[in-house]
Amino acid sequence: MSATQTTGAASTDAAVDIRDLDVVFTTDGGDVHAVDHVSLQVQPGEVLAIVGESGSGKTVTARTILGLLPETATATGAVLLRGTDVVSASPALLQQLRGADAAMVFQEPSTALNPVYTVGWQIAEGLRAHAKLSKAAARTKAIDILRRVGIPEPEERVDYYPHQFSGGQKQRVVIAMALVLDPAVIVADEPTTALDVTVQAEILDLLRRCRDEFGTAIVLITHNMGVVADLADRVVVMYRGETVETAPVGELFANPQADYTKALLAAVPKLEIVDRAQPEPAAPLVSARDLVIQYPGRLGRPGFTAVDGVSFDLGPGEVLGLVGESGSGKTTIGRAIAGLTKVTGGSLDVLGVEMNGMRERDFRPRRREIGFVFQDPATSFNPLLTIAQCVAEPLIVHGVARDASAARGRVDELLEAVQLPRAYGDRFPHELSGGQRQRASLARALALDPKLLIADEPTSALDVSVQARVLELFAELQERFGFASLFITHDLAVVDQLAHRVVVLHRGQVAEQGRAAEVLGSPQDPYTRRLLASLPVPDPVRQAERREERRRAADA
Amino acid sequence: MSLNSTPVASTENPRSLRAIWRRLPVIHHLRQSVGLQRGMLVAGLIITGLFVLVAIFAPLLAPYGYGQLRDDSGRFAPQQPPGPAHLLGTTVGGYDVLSRVIWGSQTALLVIVFAVLLSIFAGILLGLVSGYLGGWVDRVLVVIADAVYAFPTLLLAIVTAIVITGGESDLLGGILAAAISITVVFIPQYFRVIRAEAVRVKSEAFVESAKVIGAKAPRVMFRHVLRNSTRTLPLIFTLNSSEAILTLAGLGFLGFGIEPTKAAEWGYDLNKSLSDVTAGIWWTSVFPGLAIVLVVLGITLIGESLNDLADPRLRARRRRRGATAADAAASAPLGSPASATDVVGVTSASEAAAASSTATTGIDDQEAGR
């Protein structure tokens, strides 16, 4: 460990100065070098974006600024925060630094706030840890900061509990907690990943205002190139613990130097709006008429209506994109088609079976014609079975094969179809990467050659570059096997790459539906328009224009 | 994460015998442990191993029988201090203390085996069905389990002992009385644990994916839910074993144990040695008592270390000693960079988020905890 360096004459003006930082984690599988001799500076009032895939060390690097590393980590090098080295700082000194000099905004606002205290109390807690303040003074400050981050009626809402705020407002509260002590730098770890696009746009605006009004430097960690283009001044690209490229944002997007950066930018899905040839019209496989799905409420309370009068058709060989923000009911519809959620009203016809009042015994024979790909490949495999056993499961259940070894031939074929080596069949799910697991998941869904494939956000848990490859594979398989697909996603750019037709859902109702090119190219519904306008494009110049447009539209 | 943290090297065939051996609960934990946790586990394993060996080879190890009062040279003198003829002395009734202690281990082991065998299958089955199916079956079973919890173990044991033996306490009757009374109390414990795990596992995506495939409920329960619900079983198993011994000893101490002519039992011996204590005769009480303490300690040590090792947040890991990046890269199996970041992700993102958000505002841990 290097000796404590209190000052470096050249770097005192930088808000954060990371020098030769090296972090190693001790794990069950041996040591893992998470950050490999990284050096970077953040100037006051600058937004520095650190981008990279999961496992690239971007979060670990940023967490070192606050000394927030787990016990299993060993850090060497220096992280100078207003001239104080954080790496060698004592716990007491770290406690002084946190909040006052550097603060953090977390990815998931609902877990970053303590549910049993009011937000005012939580903001005051940070204040009173650093200065002697009376309760009343702390409260005044809390109200003031809540107003400044755009919480309406802060005098009243300062006494609200976290669950009384929406997701976007919770993130505003978290940002208020970070800002209240006027820190030199805010570390924002994927601050918008858990939020919907329209809310994301607002939070990005707020962060931009933080920088402009408070002069706070922001270290933004993200994998979303659209967010980077929207907010960042300078970008650091990390790969496997090393910095690959550092450049101002305009230069990076216009003229990337490193091959990895080029590949990363190429993999970002863009709205290109292609009018695909529609499949021949035929009798629909899935047909919903005024579909209503209601979750039962607690005793004496009405239930929650997740899907409210939705009608659509899905024909053979067609890819139908189901788009919407969280809470729009898109996943519920997918689950209802697979028979995982009960239909409570209207009619839903799946492969000739009426799902309203369906009995599992009648539907079971049809199940072999439906494949399902889940959102998170990490949890959709039984961790105690090998990949081959998991993929063989549908074959065994439907009596095509007697056991896993009898099904092995077919399993190998399937693995090859999804471009996985045969030998991977003998591995356990945790020995595969996310993208490989999602391929295996596709193989399992296709095992019985289904007519219908339901894909519930199959790529949202994956890195951009991996996502691009999985989407390509999906398109290729769809062409080859000709299955119909209900593709559920929140990402309009992904829908644009695959879907023949699009259904836009908003609060359980259909906002707009039609051919993909028409809906995305010339949206008629105001909600669809807002959704499209909020989508950040990975191009700083165009994104600035879009931002202006959005502001004008909001003002008008 | 803790489920799939097994570092199986990718070059091995995972189905080979050796890999299976390494994945066995205790063996796997032993390989994984380090430092104090390893010391605790090893100490527990040694004590328990000794106990089992002594129980199995009791007929060979014990110098006399458990009910033996005389040998070729005549009747044993009562209350003899430890000496060459009787290494640990004799009791007031003239029994050899060493032999009684050794034979007593056999009784204790039998009670553990019976109690656990009787309760584990019923408990797991009920828990699995209750947790997976839910609904009114679940509610009724939970209420019954809670009601049984309300009974003190010892009281139940006394009632069962009277019902089963009708006052006559032979070896099998005594053991069964203890075992069944323990079983009644243990079934709800296994039930509870397996039910909680089944409820958790059943909402996992892989169970839903099995349902979507069209697998029937029994197949989903036994192939997908059961094996993923058993990770806390070794822990309860060990804790229950020690409780079984304590209940048996308690029964014996209260006089509901096994007659000295039918089998040796530590609790009974302790009871009979009560009056000796004031008379300065220490050997009749110390050795059976020590045997109880040691066995319970050994088994509890195993249980506690298994508990710590099963939790990635409590588990200690080998500290790095001058290892280079190349070493780490070379020793890390193929899947491990991903799983390593998962470990980081788990502790950092989900669980620590709330805690560390208070930490970032500069409140020290104690204050945040208040």
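This structure is a prediction, so every number in the text was calculated from the model and none was measured.

K.L.:
How would you explain the overall build of chain A if you had to name every residue and give the values?
P.N.:
A tally of regular secondary structure across chain A gives 21 helices and 20 strands. What you see for chain A is a C-alpha radius of gyration of 25 Å, in line with the 24 Å of a compact globule of 556 residues. Judged by the C-alpha coordinates and their principal axes, chain A covers about 75 × 55 × 50 Å. Long-range pairs, those at least 24 residues apart, make up 67% of the contacts in chain A with a sequence separation of at least 6.

K.L.:
So what's going on with the overall build of chain B? Residues and values would help.
P.N.:
A count of helical and extended segments in chain B gives 17 helices and two strands. By residue count, 44% of the 370 residues in chain B fall in the buried class. In chain B, the share of contacts with a sequence separation of at least 24, taken over all contacts with a separation of at least 6, comes to 71%.

K.L.:
Requested: an account of unusual backbone geometry, with residues and values cited.
P.N.:
Residues and elements named next belong to chain A. In this structure, arginine 240 takes a positive phi of about 50 degrees despite not being glycine. Mapped onto the elements, arginine 240 comes out in the loop between β9 (234-239) and β10 (242-248). The class of arginine 240 is partly exposed, set by 16 C-beta atoms lying within 10 Å. Although it is not a glycine, glutamate 457 adopts a positive phi angle of roughly 45 degrees. Relative to the assigned elements, glutamate 457 resides in the loop between β17 (452-456) and α17 (464-481).

K.L.:
So what about the nonpolar core? Which residues, and what values?
P.N.:
Among the nonpolar cores identified, the biggest contains 254 residues, and Ile65, Val185 and Val219 of chain A together with Val111 of chain B are the most heavily contacted of them. With 18 residues, the top contributor of residues to this core is helix α5 (residues 97-133) of chain B. Both domains that meet at this core, namely domain 1 (42-72 + 89-266) and domain 2 (286-382 + 449-524) of chain A, each give it at least three residues. When near neighbours in sequence (up to four residues on either side) are disregarded, isoleucine 65 of chain A contacts Val16, Val79, Leu81, Val86, Ala102, Val185, Val187 and Val219 of chain A.

K.L.:
Help me get a handle on the packing of helix α14 (residues 387-397) of chain A against helix α15 (residues 408-417) of chain A, residues and values and all.
P.N.:
Residue and element names in this part refer to chain A. With their axes 9 Å apart at the nearest point, α14 and α15 run at an angle of 110 degrees to one another. When the interaxial angle is binned, α14 and α15 end up roughly perpendicular. Between α14 and α15 the crossing geometry is right-handed. Contacts between α14 and α15 pair Ala388, Val391, Ala392 and Leu395 from the former with Arg408, Arg410, Val411 and Leu414 from the latter. When the residues that make up the contact of α14 with α15 are grouped by side-chain class, the tally is six nonpolar, no polar and two charged.

K.L.:
Describe in detail the sheet that holds strand β20 (residues 509-515) of chain A, supporting the description with residues and values.
P.N.:
Residues and elements named next belong to chain A. The mixed open sheet is built from six strands, whose spatial order is β16-β17-β18-β13-β19-β20. Since the sheet does not close on itself, it has two edges, and those belong to β16 (370-373) and β20, each with one partner. Pairs of neighbouring strands in the sheet enclose a mean axial angle of 15 degrees, with direction left out of account. On the sheet, helix α16 (residues 434-445) packs against β16 and β17 and is oriented at approximately 170 degrees with respect to β16.

K.L.:
How would you summarise the domain arrangement of chain A if you had to cite specific residues and measurements?
P.N.:
All names here are of chain A. Per the domain assignment, the segments making up chain A are domain 1 (42-72 + 89-266) and domain 2 (286-382 + 449-524). Spacing between the C-alpha centres of domain 1 and domain 2 amounts to 34 Å. Counting only elements with at least two residues in the side of domain 1 that touches domain 2, the list comes to α8 (197-214) and α11 (259-267). The residue inventory of the side of domain 1 that touches domain 2, partitioned by class, reads three nonpolar, three polar and two charged.

K.L.:
Now, about the UniProt feature "transmembrane region" (unreviewed entry) in chain B: what can you tell me, with residues and values included?
P.N.:
UniProt records the feature "transmembrane region" (unreviewed entry) for residues 40-62, 108-133, 140-165, 171-191, 233-258 and 281-303 of chain B in the present numbering. Note that residues 171-191 of chain B is 100% helix and 0% strand, and that its end C-alpha atoms are spaced 29 Å apart.

K.L.:
Kindly report on the sheet that holds strand β11 (residues 286-295) of chain A, identifying the contributing residues and their values.
P.N.:
Residue and element names in this part refer to chain A. In space, the four strands of this open sheet follow the order β12-β11-β14-β15, with antiparallel pairing throughout. Unpaired on one side and paired on the other, β12 (304-314) and β15 (353-354) mark the two borders of the sheet. Of the strand pairs in this sheet, β11 and strand β14 (residues 345-350) are connected by five bridges, and their pairing is antiparallel. Across the sheet, serine 287 pairs through a bridge with aspartate 349, a residue of β14. Running over the sheet, helix α12 (residues 330-337) touches β11, β12 and β14 and is turned about 65 degrees from β12.

K.L.:
Any chance you could break down helix α21 (residues 540-555) of chain A for me, citing the residues and the numbers?
P.N.:
Residue and element names in this part refer to chain A. Taking 1.5 Å per residue, 16 residues should reach 22 Å; α21 reaches 22 Å between its end C-alpha atoms and fits that length. The complete set of buried residues in α21 reads Pro540, Gln543 and Arg546. Projection of α21 onto a plane perpendicular to its axis shows the buried side chains occupying an angular sector of 115 degrees, all on one side. Away from the buried face of α21 by more than 90 degrees, exposed residues Glu545, Glu548, Glu549, Arg552 and Asp555 are located. Against the buried residues of α21 lie α9 (225-231), α10 (249-254) and α20 (526-534).

K.L.:
Describe the pairing of strand β13 (residues 319-323) of chain A, naming the residues involved and giving the relevant values.
P.N.:
Residue and element names in this part refer to chain A. Counting buried residues in β13 gives five out of five residues, a clear majority hidden from the surface. Two strands pair when backbone bridges link them, and β13 and strand β18 (residues 484-489) are joined in this way by five bridges, in the parallel orientation. The residue of β18 that forms the bridge with valine 319 is serine 485. Here β13 runs beside strand β19 (residues 501-506); their pairing, made up of four bridges, is parallel. Within the sheet, the bridge partner assigned to glycine 321 lies in β19 and is valine 502.

K.L.:
Account for the environment of valine 26 of chain B, naming residues and giving values.
P.N.:
All names here are of chain B. Relative to the assigned elements, valine 26 resides in helix α2 (residues 25-32). Taking the number of C-beta atoms within 10 Å as the measure of exposure, valine 26 has 16 and is therefore partly exposed. Linking valine 26 and valine 148, residues 122 residues apart in sequence, is a C-alpha distance of 30 Å.

K.L.:
Could you give an account of the packing of helix α3 (residues 35-56) of chain B against α5 of chain B, naming the residues involved and the relevant values?
P.N.:
Residue and element names in this part refer to chain B. Direction vectors running N to C along α3 and α5 enclose 105 degrees, while the axes themselves pass 8 Å from each other. One element, α3, and the other, α5, form an angle in the roughly perpendicular class. Only Ile102, Ser105, Gln106 and Leu109 of α5 make contact with α3, whose side of the interface consists of Phe51, Val52, Val54 and Ala55. Across the contact of α3 with α5, the residue classes tally to six nonpolar, two polar and no charged.

K.L.:
Residue-level account of the confidence of the model for chain B, with values.
P.N.:
All names here are of chain B. Here chain B averages 74 in pLDDT, while 76% of its residues score no lower than 70. Low pLDDT, under 50, characterises residues 1-14; the stretch is placed with 36 contacts to residues that sit more than four places away or in other chains. Note that residues 321-370 has pLDDT below 50 and, in this model, 95 contacts with residues that lie over four places away or in other chains. As scored by the predictor, the complex reaches a pTM of 0.73 and an ipTM of 0.72.

K.L.:
Please set out helix α6 (residues 135-149) of chain B residue by residue, giving values where relevant.
P.N.:
For α6 of chain B, spanning 15 residues, the distance from its first C-alpha to its last is 21 Å, which sits close to the expected 21 Å at 1.5 Å a residue. Counting buried positions over the 15 residues of α6 of chain B gives one, only a small fraction of the element.

K.L.:
Could you give an account of the environment of alanine 306 of chain A, naming the residues involved and the relevant values?
P.N.:
Residue and element names in this part refer to chain A. Structurally, the position occupied by alanine 306 is in strand β12. Look at alanine 306 and you get buried, because 22 C-beta atoms sit within 10 Å. Considering only alpha carbons, one finds alanine 306 and threonine 331, 25 residues apart in sequence, at a separation of 9.6 Å. The contacts of alanine 306, once residues within four sequence positions are left out, are Ile293, Tyr295, Gly329, Thr332 and Gly508.

K.L.:
Provide a residue-level description of the environment of glutamine 32 of chain B, including the pertinent values.
P.N.:
As for its position among the elements, glutamine 32 of chain B is in helix α2. Sequence separation between glutamine 32 of chain B and leucine 309 of chain B is 277 residues; the distance between their C-alpha atoms is 7.9 Å.

What counts, and at which threshold
Residues numbered from 1 in each chain as written. Chains lettered and ligands numbered in written order. Predicted model: local features only at pLDDT ≥ 70, side-chain atom pairs only at ≥ 80, totals over all residues. Helix = DSSP H or I, 4+ residues; strand = E, 2+ residues; numbered from the N terminus. Rg over C-alpha atoms; globule rule 2.2 N^0.38 Å. Contact = placed C-beta atoms within 7 Å. Buried ≥ 20, exposed ≤ 12 C-beta atoms within 10 Å, placed from the backbone. Core = buried A, V, L, I, M, F, W, Y, C linked by C-beta atoms within 7 Å. Domains from an automatic or database assignment. Axes fitted to C-alpha atoms, helices over the stretch in contact; angles between N-to-C directions. Parallel < 35°, antiparallel > 145°, perpendicular 65-115°, else oblique. Left-handed = near helix turned anticlockwise from the far one by under 90°. Nonpolar A, V, L, I, M, F, W, Y, C, P; charged D, E, K, R; others polar. Pairing = 2+ DSSP bridges. UniProt positions renumbered as here; feature names shortened; annotations may be inferred. Expected span 1.5 Å × (residues − 1). Arc of directions from axis to C-beta. pLDDT = per-residue confidence, 0-100.

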